[in-house]
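# Chain and residue survey
The residues making up each chain are set out below.
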Amino acid sequence: MSATRVCAKSELVQDQARRVEVDGVPIALVLDAQGEVHAIGDTCTHGDISLSEGFVEGDTLECWAHGSAFSLRTGKPLNLPAYEPVPVYEVTIEGDDVLIDPTVIKQA
């Protein structure tokens, strides 16, 4: 599979998560304060909660329901109650287009 355009980078709001779906895979996109776009699995591993409804702080995305924070770079939970990581996807920027291939998971 090849990368799919999910949105324009200019549509992303800094330090806010946005949910996109590629081939049935829910993904949370985050534009961080340094201008880097991150793509992680949108479902909290502690419960079936959308992470894109959570809170961005630095390089973490916190689940709004139970407070587990996940690294945007590695997908690893940084505190309980979650203990399983979420997938982190490769992001390609072409011009203003944000592209993701949900079959390509970054290695931490």
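Anything mentioned here points back to the structure above.
Described in the following lines is the structure provided in the data block. (Residues numbered from 1 in each chain as written. Predicted model: local features only at pLDDT ≥ 70, side-chain atom pairs only at ≥ 80, totals over all residues. Heavy atoms only, no water.)

What follows is about the overall build of the protein. A tally of helices and strands in the protein yields zero helices and nine strands. When the elements of the protein are put in sequence order from the N terminus, they spell out β-β-β-β-β-β-β-β-β. Taking 2.2 N^0.38 as the reference for a compact globule, 108 residues should give roughly 13 Å; the C-alpha atoms of the protein span a radius of gyration of 13 Å, in line with that estimate. Projected onto its principal axes, the C-alpha positions of the protein cover 40 × 30 × 20 Å. Each of the 108 residues in the protein was classed as buried or not, and the buried ones make up 43%. Residue pairs at least 24 apart in sequence account for 38% of intrachain contacts in the protein once pairs closer than 6 positions are excluded. As displayed, the protein offers around 5,700 Å² of accessible surface, 47% of which is attributable to carbon and sulfur atoms. One finds the centroid of the 7 positive side-chain charges in the protein at a distance of 3 Å from the centroid of its 18 negative side-chain charges. (Helix = DSSP H or I, 4+ residues; strand = E, 2+ residues; numbered from the N terminus. Rg over C-alpha atoms; globule rule 2.2 N^0.38 Å. Buried < 20%, exposed > 50% of the residue type's maximum accessible area, 1.4 Å probe, protein only. Contact = heavy atoms within 4.5 Å. Areas by Shrake-Rupley, 256 points an atom, 1.4 Å probe, with all protein chains shown as cover. Lys, Arg positive; Asp, Glu negative; His and termini not counted. Charge placed at Lys NZ, Arg CZ, Asp CG, Glu CD.)

Strand pairing in a sheet takes place through backbone hydrogen bonds and is either antiparallel or parallel in direction. Strand order in the open sheet formed by six strands is 1-9-8-4-3-2, with antiparallel pairing between adjacent strands. Across the chains shown, the open sheet's two edge strands, defined by having one partner strand only, are strand 1 (4-8) and strand 2 (17-22). In this sheet, neighbouring strand axes are inclined to one another by 35° on average, regardless of whether the strands run parallel or antiparallel. Pairing analysis gives two bridges linking strand 4 (residues 37-41) to strand 8 (residues 88-94), with the strands arranged antiparallel. Across the sheet, residue A39 finds its bridge partner in strand 8, namely Y89. (Pairing = 2+ DSSP bridges. Axes fitted to C-alpha atoms, helices over the stretch in contact; angles between N-to-C directions.)

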